[in-house]
Amino acid sequence: MIVASHLGKRYPGGYEAVSDASFVIDAGQMVLVTGHSGAGKTTLIKLIASIERPTSGSLVVNGQNLSALRRSALPYVRRHFGMVFQDQKLLFDRSVLDNVLLPLQIVGLPHREATRRAQAALDKVGLLAREKARPIALSGGEQQRLAIARAVVNRPTVLVADEPTANLDRESATDILEIFADFHRVGVTVVVATHDQAWVERCAPHVLRLDHGRLV
Amino acid sequence: MNAWLTQHRAAMVAALRRLVAAPFNTLLSLLAIGITLTLPALGYVVLDNLRELGNSASGVQQISVFMANGASRNEVEAIEKRLQALSTVRTRFVSRDEALKHLQQSEGMADLVASLPSNPLPDAFIVEPADSTPANLEKLKAQFAAWPKVAHVQLDSAWVARFDAFLRLGKLALLTLAGLIGAGLVAVTFGTIRLQVVAQSAEIELARMIGATDAFIRRPFYYFGALQGALGGLLGAALVVGAMQLLSPPVGELAALYGGSFVLHPPGGLEIAALSAIGAVLGWLGAQLSVSLSLRNFD
């Protein structure tokens, strides 16, 4: 469960990306975050994934108040989230499999077990046959699916994605959002920032609409 | 514990891969470290050999105690007993007849000795103290000189003192040089690691966002710095051994010309391991400083 209360984020220099946002996302729910460019979607997603720290209000995820956490505790909290970035942040000098292995290496899983789980995650997104390829050899949709495999390989309780369909064609975008819906169906809490109106309508009323950093 | 070991093994493998991935760069870095470490290591080995040479040089550790010409047999024996009572010295008695015989055998001295009306040489004791520091030699000299019927105590203390001062100066110079070179090595590793951090900034940023601790991010760089330093140290040791092999025959010939025998001792296994360990520690230190400064940019 994610509970935000008067959540705010002001960057050095005074720019307030998110202000006074209060909402509740139940465990296992799928919620879309939408709004125009610069509305604060990315900041809100990063706040939920504990990549950014709030400057005001509180954010409680699975009973843990992220606003009050010490810096040294943040890496362990981040491991509970699966994060899909807008620019994917793939490592192009590593193979597809090695990209998915990274979160498992971070938690120190033995190599054999990590490989088994990474291959299972790749299978889930339909990329197992490409495990030895480099990400540069993948299409945009495949790269996004690889980013999802990396996000879910650690079996996160919350899957967070920042505009995962931004640079994809209609068909690939639908495929990607269906993958998120699949994870939602097996009980994972899913929070996705998107412009996709069809999906916004499909997920209504579970939509957080942002305008100039405020929930509307 | 398993996770900890797995992460350390992974970090070490990652560091080894980085070393192997750019063999030419690695070779140049190892040469830079090895050659830099060779200077103080060679200095240490040379000083060590000189110290050994000083210890084994004839006369350096000896004190000659000459009895008065009129000393009776009993008086000589009394001095011998006093010397034997000292547990920290070894004593050898050289009678006046034995001394004369030695003198006769010296080249060009036979005629001179034959022309003497009587034996002018005194009985003497050659004393070899266990502690051959200049201070102790001086103390013993004063002690022996105060004994009855001892006419003269001879000690080449000035030579010993000069040699000791030279060794101390050499040691100090070597320590200064080692300190400077150590700082240089830390700087070399600092630069190498900083470049690596920049090259891997995308990976570091990603790893942090998906739950990597600072230790996880730092570890491969630490291993890299330590491995590079250790291998550089081994290369430095190999260069020292090579230099000793080259120097040993001419040094031996030189010693033979002076009527002695001297063999240069190359560094032993323990010294080679120590040089490698010093390289590893300096590499680790450079990596530590570099990663700490570089990772601030990611905060």
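Residues numbered from 1 in each chain as written. Chains lettered and ligands numbered in written order. Predicted model: local features only at pLDDT ≥ 70, side-chain atom pairs only at ≥ 80, totals over all residues. Heavy atoms only, no water.

Burial analysis of helix α3 (residues 96-106) of chain A places nine of its 11 residues in the buried class, which makes it a mostly covered element. By the burial criterion, the buried members of α3(A) are V96(A), L97(A), N99(A), V100(A), L101(A), L102(A), P103(A), L104(A) and I106(A). Turning to α3(A), the residues buried within the fold contact α4 (111-124) and α5 (140-152) of chain A together with α1 (2-21), α8 (201-209) and α9 (214-257) of chain B. Just downstream of α3(A), G108(A) is the residue with a positive phi angle, here 80°. (Buried < 20%, exposed > 50% of the residue type's maximum accessible area, 1.4 Å probe, protein only. Helix = DSSP H or I, 4+ residues; strand = E, 2+ residues; numbered from the N terminus. Contact = heavy atoms within 4.5 Å.)

So, on to the environment of F216(B). Positionally, F216(B) belongs in helix α9. Classification of F216(B) as buried rests on a relative accessible area of 17%. Residues F216(B) and I204(B), spaced 12 residues apart in sequence, show a C-alpha to C-alpha distance of 9.8 Å. Filtering out sequence-adjacent residues up to four positions away, F216(B) remains in contact with Q105(A), I106(A) and Q7(B).

What follows covers the pattern of salt bridges. For the structure on display, the rule yields 14 salt bridges over all chains. Ionic pairing is found between E113(A) and R116(A), a salt bridge with its closest N-O pair at 3.0 Å. Residue E113(A) and its partner R116(A) are both found in helix α4; the two are separated by three residues, about one turn of the helix. Across the pair D182(A) and R185(A) runs a salt bridge, and its minimum N-O distance is 2.6 Å. With D182(A) and R185(A) both in helix α6 (residues 170-185) and three residues apart, this pair spans about one turn of that helix. Owing to a relative accessible area of 55%, R185(A) belongs among the exposed residues under this scheme. Residues participating in the shared-partner salt-bridge network are R71(A), R208(B) and D214(B). (Salt bridge = Lys/Arg side-chain N within 4 Å of Asp/Glu carboxyl O.)

Attention now goes to empty space enclosed by the protein. A full pass over the atoms with the stated rule returns two cavities of 30 Å³ or more. The calculated volume of the largest cavity comes to roughly 70 Å³. Lining of the largest cavity is provided by R78(A), R79(A), F81(A), M83(A), P103(A), R150(A), A151(A), N154(A) and I210(B). Residue assignment for the lining of the largest cavity shows that the elements contributing at least two residues are β6 (81-84) and α5 of chain A. Taken together, the residues of the lining of the largest cavity sort by class into five nonpolar, one polar and three charged. For the second largest cavity, the calculated volume is near 30 Å³. Forming the boundary of the second largest cavity are L47(A), S50(A), E52(A), R53(A), P54(A), L59(A), L66(A) and L74(A). Split by residue class, the lining of the second largest cavity holds five nonpolar, one polar and two charged. (1 Å grid on protein atoms, 1.4 Å probe; cavity = no way out; pocket = protein on both sides within 12 Å on 5 of 7 lines; lining within 4 Å. Points joined across faces, edges and corners; volume = space filled by probe spheres on them. Nonpolar A, V, L, I, M, F, W, Y, C, P; charged D, E, K, R; others polar.)

How two helices sit against one another is set out by the angle between their axes and by the gap between those axes. Residues and elements named next belong to chain A. Look at α3 against α4: their axes get within 9 Å of each other, and the N-to-C directions meet at 120°. Between α3 and α4, the angle falls in the class oblique. The handedness of the crossing between α3 and α4 is right-handed. Packed against α3, whose contacting residues are V96, L97, V100, L101 and L104, the element α4 presents H111, A114, T115, R117, A118, Q119, A121 and L122 at the interface. Each residue belonging to the contact of α3 with α4 can be placed in one class, and the counts come to nine nonpolar, three polar and one charged. (Axes fitted to C-alpha atoms, helices over the stretch in contact; angles between N-to-C directions. Parallel < 35°, antiparallel > 145°, perpendicular 65-115°, else oblique. Left-handed = near helix turned anticlockwise from the far one by under 90°.)

What the domain assignment lists for chain B is domain 1 (2-56 + 161-298) and domain 2 (63-155). One C-alpha centre belongs to domain 1 of chain B, the other to domain 2 of chain B; they are set 51 Å apart. (Domains from an automatic or database assignment.)

Let us look at the sheet that holds strand β7 (residues 158-162) of chain A. Residue and element names in this part refer to chain A. Here six strands make up an open sheet; going across it, the order is β6-β7-β8-β3-β9-β10 and the pairing mixed. The open sheet has two edge strands with one neighbour each: β6 and β10 (214-215). In this sheet, β10 lies alongside strand β9 (residues 207-211) in antiparallel orientation, the contact comprising two bridges. Residue pairing across strands places L210 opposite L215, the latter belonging to β10. The strands touched by α5 within the sheet are β6 and β7, with β6 carrying the most contacts at an inclination of about 165°. With respect to the sheet, α6 is in contact with β3 (30-35), β6, β7 and β8 (189-193), its orientation differing from that of β8 by roughly 155°. (Pairing = 2+ DSSP bridges.)

Residues and elements named next belong to chain A. Buried residues dominate β8, accounting for five of its five residues. The sheet contact formed by β3 and β8 spans four bridges and is parallel. When the sheet's bridge partners are listed, V33 is paired in β8 with A193. Of the strand pairs in this sheet, β7 and β8 are connected by five bridges, and their pairing is parallel. Looking at the pairing, V160 lines up with V191 of β8.

Inspection of every chain in the model, using the stated rule, returns three aromatic pairs over all chains. Residues F144(B) and W147(B) carry aromatic rings whose centres are separated by 5.0 Å and whose planes lie at 50° to one another, so their mutual orientation is tilted. Under the relative-accessibility criterion, W147(B) is labelled buried at 10%. Directly above the ring of F85(A) sits K89(A), whose terminal nitrogen or CZ lies 5.7 Å from the centroid. (Phe/Tyr/Trp six-rings, centres within 6.5 Å; stacked < 30°, edge-to-face > 60°. Lys NZ or Arg CZ within 6 Å of the ring centre and 35° of its normal.)

Right, let's get into the environment of W4(B). Residue and element names in this part refer to chain B. Mapped onto the fold, W4 is located in helix α1. With a relative accessible area of 46%, W4 lands in the partly exposed category. Each C-alpha atom of the pair W4 and A32 lies 33 Å from the other, and the pair is 28 residues apart in sequence.

Turning to the layout of surface pockets, a few remarks are in order. Computed from the structure, the largest pocket encloses a volume of approximately 1,400 Å³. R94(A), A14(B), R18(B), Q200(B) and E203(B) are the residues nearest the centre of the largest pocket, which is lined by 49 residues in total. For the lining of the largest pocket, the secondary-structure elements that each account for two or more residues are α3 and α4 of chain A together with α1, α2 (23-56), α7 (157-199), α8 and α9 of chain B. Ranked by residues supplied to the lining of the largest pocket, first place goes to α1(B) with 10 residues. Partitioned by chemical class, the residues of the lining of the largest pocket number 25 nonpolar, 13 polar and 11 charged.

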